[in-house]
Amino acid sequence: MKNATLPLLVSLPLLTTLAFAVPSGPVPTGSAIIPKPVLLQEKLGEPGFCLEQGIRIAPGAMASAAACILQNAGIKTQINDKNPELSFVVDRSLAKEAYKLKVTPQAISIAASSKEGILYGLRSLSQSITKDDQGKKCFPTMEIDDKPRFAWRGLHMDSARHMLSVKDIKSVIDLLARYKFNVLHWHLTDDQGWRIEIKKYPKLTEVGSIRQQSATFGNRNKPDGKPYGGYYTQEEIKDVVKFAAQRGITVVPEIEVPGHAAAAITAYPEFGNKDIPNYKPEVIWRYGVFPYLFSPTEETFKFLDGVFAEVAALFPDSPYIHIGGDEAPKDQWKASPTAQKIMKEQGLKNEHELQSYFVKRVEQIVNKYNKRIIGWDEIQEGGLSPTATMMVWRDWKWAKHAIERGNDVIMTPTSHLYLDYGQGPGAPNKPEYEVIGGHIPLEKVYSLNPVPEGLTKEQEKHILGCQGNVWSEYIPDLVKYQYVVFPRAIALAEVAWTPQELKNEQDFKNRLNKHLPYLDSLKVNYRRPDNGAPAQPDAVINTEAPKK
C-alpha cells in the first residue's frame with residue numbers, strides 16, 4: 001500500500017500550561033495493547049512517564065497526527081520544540097510498517113521508516129495508559145519492537161444491500177485504525193443496488209440504486225413493500241478515501257462482474273444477455289444468487305472500461321480493484337446465442353472458460369488504469385490469470401491451488417471470518433437482530449491461522465493476509481454493524497498482526513476487557529463478551545436507507 005498522508009485531523013490549540021515532566025510513581029500494572037506486539041518489555045514496579053501534565057511533542061510532519069491520537073486517548077498535548085518529550089526518528093533499516101517505541105520516565109521516542117510505522121507506534125502508545133501506585137495516569141517504562149505478520153489486514157463493508165452514511169463509515173474507519181487494520185474493502189455494487197456515482201453512465205444510480213422493496217426482517221421471504229435507494233456521490237467517495245488514507249487505511253473498491261450484476265443490467269439492459277427468452281432484468285429485493293450476467297460482448301467491455309476509468313480515479317491510493325467474479329450461474333450464457341457464438345469464436349470449451357475469458361478482458365481494462373485485480377476464488381474456474389490476486393472464501397484448497405501457480409492470496413474463509421454469521425446466544429429476540437446463519441464466536445475468529453498447512457516457506461509469502469467479511473443483507477445500519485463486527489474484528493486484528501506463536505486466547509481476552517470502556521465511551525454497540533447482549537441495549541436498529 002502507498003504511504004498514508006498524515007493529517008491535521010482536528011484544530012489543535014497549543015497548551016501553554018504544561019510543566020516539565022516528572023517521573024510517575026512505581027507502575028504496578030502494564031499496558032494492554034491490541035494487537036499484541038512482537039516484542040514488549042515493561043519495567044513494572046519502577047517509575048514510568050507521568051501523564052498528569054500531558055506531553056510535549058516535537059514539531060514536524062507527524063506532530064499533528066500524534067496530538068490527535070493522544071488527545072483522543074484523553075492525554076493533554078503541546079507541540080513545542082523546547083524540550084519535547086515525544087520525538088520521532090527515521091530509521092531506514094526498519095521494514096515499512098515496523099516501529100520501535102521507547103518510553104522512559106523522562107522521554108518517549110518512536111522510530112520507523114515510514115509514516116505508517118509512526119502511526120502504529122502512536123496507536124500502541126495510546127493504548128498503554130495505566131496508573132501508578134498513587135492512581136495517577138502514566139505510561140509504564142517500556143520498549144516495543146514491532147511489525148505486522150501480514151501486509152493485508154482488512155475488513156469488508158457491503159454497501160450494496162444496505163448502506164451506511166459517510167459519517168458512520170468514518171466511525172468504523174476510526175476503530176479499524178485504532179487496531180492497526182490497513183484495508184477497507186468496499187463492496188459497492190450487487191444485484192440489490194449500485195451505490196457509486198459513475199458520471200458517464202448516470203442511469204447506474206438513477207435506476208440501478210433503487211429497489212422497490214427489501215426482505216422483511218424476521219421473514220426473509222416476505223417483501224416489506226418499502227422502496228430502498230441511495231448511492232455515494234463521487235465527492236463523498238473522495239471524502240471517505242481521504243479520511244481513511246489519513247489514518248493509514250487504503251480503501252479497495254469492488255465492482256462485481258460478470259455476475260451479481262442485476263442492478264447494473266436493469267439500468268443498461270443492452271449490456272445483459274438480451275437475446276434470451278423472458279429477459280426482464282430488475283433490481284432484486286431478495287437475497288441469494290441470481291442469474292443476471294453481463295453479456296461477453298465488445299459493447300459490454302467498452303461500457304466496463306468507462307466504469308473502471310472513473311473508479312480507478314476515485315481510489316488513487318489503492319493498487320487494486322476487486323472485480324468480484326463469484327456466484328455467476330451460467331444459465332443465461334448457455335441460453336444466449338450471442339454468448340455461444342463468442343465461445344465458438346474464442347475456442348472456449350464451456351461457460352467456465354467463458355468466465356475466465358471475461359475476467360481476463362476485465363483485467364486488461366483494470367491494468368490499463370494502473371490497477372491490479374482481486375477476485376473471489378471462483379475466478380480460477382476455467383483458468384486463473386497468472387497476475388490476479390485471489391480472495392479465498394470457500395474451500396482452503398483453492399488457496400493452495402492458486403499459490404502453486406504463483407498467485408497471491410488473501411484468506412477470508414467462511415469457517416472463521418464471515419462476521420455476518422451468528423455469534424451465539426445473547427442477542428435480543430427481535431427481528432432486526434436476525435443473522436444469515438452460521439456460528440462463528442469470538443474464540444473461533446481468534447483461533448485462525450491464515451496460512452494453510454503444507455506450504456513451503458517460499459509459498460507462504462504468497463499469503464498477503466486476511467480479512468473479515470461483513471455482508472449486509474441483515475445489517476441495515478451502524479448499530480447492527482457494530483454488534484456483529486465488534487469485538488470479533490479486534491480478535492482478527494491480532495490474528496493479522498501478531499506472530500502465531502505469540503497468540504494466547506486468555507491473554508487476549510484479558511487485554512480486550514481493558515478496551516471495552518473505550519468502546520463504551522464511544523457508545524459502540526458491540527456484543528458483550530460476557531453475555532452476548534448488545535453493549536447499547538437502548539440503541540434502535542434503523543431499517544430505512546440513510547438520509548443524505
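A short tour of the structure in this document, coming up. These numbers were taken from a predicted model, which means no experiment stands behind them.

Thoughts on the overall build of the chain
Then, number 1: Within the chain, the secondary structure is distributed over 16 helices and 25 strands.
Then, number 2: Dimensions of the chain, computed from the C-alpha atoms along their principal axes, are close to 80 × 50 × 45 Å.
Then, number 3: By the burial criterion, 58% of the 548 residues in the chain qualify as buried.
Then, number 4: The long-range share in the chain, meaning contacts at least 24 apart out of those at least 6 apart in sequence, stands at 72%.

Structural notes on the packing of aromatic side chains
Any pair of aromatic rings gets described here by the distance separating the centres and the angle formed by the planes.
Then, number 1: Throughout the structure, instances matching the rule amount to 20 aromatic pairs.
Then, number 2: Residues Tyr433 and Tyr483 carry aromatic rings whose centres are separated by 5.2 Å and whose planes lie at 90° to one another, so their mutual orientation is edge-to-face. Pair noted here: Tyr433 is in the loop between β24 (409-411) and α12 (442-446) and Tyr483 is in helix α14 (residues 478-485), with a separation of 50 residues, a long-range link. Across the pair, exposure class does not vary: Tyr433 and Tyr483 are buried alike.
Then, number 3: A network of ring pairs unites the aromatic residues Tyr201, Tyr268, Phe271, Phe294 and Phe303 as a single cluster.
Then, number 4: One residue, Arg178, lies across the ring of Tyr518, its end atom 3.7 Å from the ring centre.
Then, number 5: When the ring centre of Tyr446 is taken as origin, the NZ or CZ atom of Lys503, which lies over that ring, is 5.1 Å away.

A closer look at unusual backbone geometry
Then, number 1: Going from Val257 to Pro258, the amide bond is cis rather than trans, its omega being -15°.
Then, number 2: Note that Pro258 resides in the loop between β20 (250-257) and α6 (262-267).
Then, number 3: The omega torsion across Phe486 and Pro487 is 10°, close enough to zero to call that bond cis.
Then, number 4: Locating Pro487 in the fold gives a position in the loop between α14 and α15 (488-497).
Then, number 5: Of note, the phi angle at Asn83 is positive, near 55°, even though the residue is not glycine.
Then, number 6: By the element assignment, Asn83 lies in the loop between β5 (77-79) and β6 (86-90).
Then, number 7: Despite not being glycine, Glu327 has its phi angle at roughly 45°, a positive value.
Then, number 8: Among the structural elements, Glu327 can be located in the loop between β21 (320-324) and α8 (331-335).

Points about the nonpolar core
Then, number 1: Formed by 135 residues in total, the largest nonpolar core has its most connected members in Trp186, Ile196, Leu204, Phe294 and Phe315.
Then, number 2: Top element by residues in this core is helix α7 (residues 298-314). It accounts for eight residues.
Then, number 3: Sequence-distant contacts of Trp186, defined by excluding residues within four places in its chain, comprise Met157, Ser159, Ile169, Tyr232, Ile237, Val240, Val251, Val252, Pro253, Glu254 and Phe315.
Then, number 4: Counting residues in each nonpolar core, the second largest holds 28 residues, with Phe49, Val103, Ile110 and Trp497 among its members.

What about the packing of α7 against helix α10 (residues 351-368)?
Then, number 1: In contact at an axis separation of 10 Å, α7 and α10 are set at 35° when each is read in the N-to-C sense. Viewed along their axes, α7 and α10 form a crossing whose handedness is right-handed. Contacts between α7 and α10 involve Glu298, Thr300, Phe301, Leu304, Asp305 and Phe308 from the first element and Tyr357, Phe358, Arg361, Val362, Ile365, Val366 and Lys368 from the second.

Describing the pattern of salt bridges
For side chains of opposite charge, pairing can occur when their charged atoms come near one another.
Then, number 1: Per the stated rule, a full pass over the model turns up 26 salt bridges.
Then, number 2: Measuring nitrogen to oxygen at the nearest pair gives 4.0 Å for the salt bridge that ties Arg372 to Asp408. Of this pair, Arg372 sits in strand β22 (residues 372-376) while Asp408 sits in the loop between α11 (397-404) and β24, placing them 36 residues apart in sequence.
Then, number 3: Residue Arg372 is classed as partly exposed on the basis of its relative accessible area of 35%.
Then, number 4: Put simply, Glu458 and Lys461 hold a salt bridge, and the shortest N to O gap is 3.2 Å.
Then, number 5: One salt-bridge network, held together by shared partners, links Lys36, Glu494, Asp507 and Arg511.

As for helix α5 (residues 234-246)
Then, number 1: Taking 1.5 Å of rise per residue, the 13 residues of α5 would be expected to cover 18 Å, and the 18 Å separating its terminal C-alpha atoms lies within 8% of that figure.
Then, number 2: When α5 is considered as a whole, its buried residues turn out to be Gln234, Ile237, Val240, Val241, Phe243, Ala244, Ala245 and Gln246.
Then, number 3: Turning to α5, the residues buried within the fold contact α2 (115-126), α3 (166-178), β13 (183-187), β20 and α7.
Then, number 4: Gly248, located one to two residues past α5, shows a positive phi value of around 80°.

Overview of the side chain of Asp477
Then, number 1: In this structure, Asp477 sits in the loop between β25 (463-468) and α14.
Then, number 2: In terms of polar contacts, Asp477 uses its side chain to reach the backbone amide nitrogen of Asn542, at 2.7 Å.
Then, number 3: Apart from the residues within four sequence positions on either side, Asp477 is in contact with Leu164, Val540, Ile541 and Asn542.

Cut-offs applied
- Residues numbered from 1 in each chain as written.
- Predicted model: local features only at pLDDT ≥ 70, side-chain atom pairs only at ≥ 80, totals over all residues.
- Heavy atoms only, no water.
- Helix = DSSP H or I, 4+ residues; strand = E, 2+ residues; numbered from the N terminus.
- Buried < 20%, exposed > 50% of the residue type's maximum accessible area, 1.4 Å probe, protein only.
- Contact = heavy atoms within 4.5 Å.
- Phe/Tyr/Trp six-rings, centres within 6.5 Å; stacked < 30°, edge-to-face > 60°.
- Lys NZ or Arg CZ within 6 Å of the ring centre and 35° of its normal.
- Core = buried A, V, L, I, M, F, W, Y, C linked by side-chain atoms within 4.5 Å.
- Axes fitted to C-alpha atoms, helices over the stretch in contact; angles between N-to-C directions.
- Left-handed = near helix turned anticlockwise from the far one by under 90°.
- Salt bridge = Lys/Arg side-chain N within 4 Å of Asp/Glu carboxyl O.
- Expected span 1.5 Å × (residues − 1).
- Polar contact = N/O pair within 3.5 Å; in protein donor to acceptor, adjacent residues only side chain to side chain.

Such coordinate-based values are descriptive only and should not be taken to indicate function.
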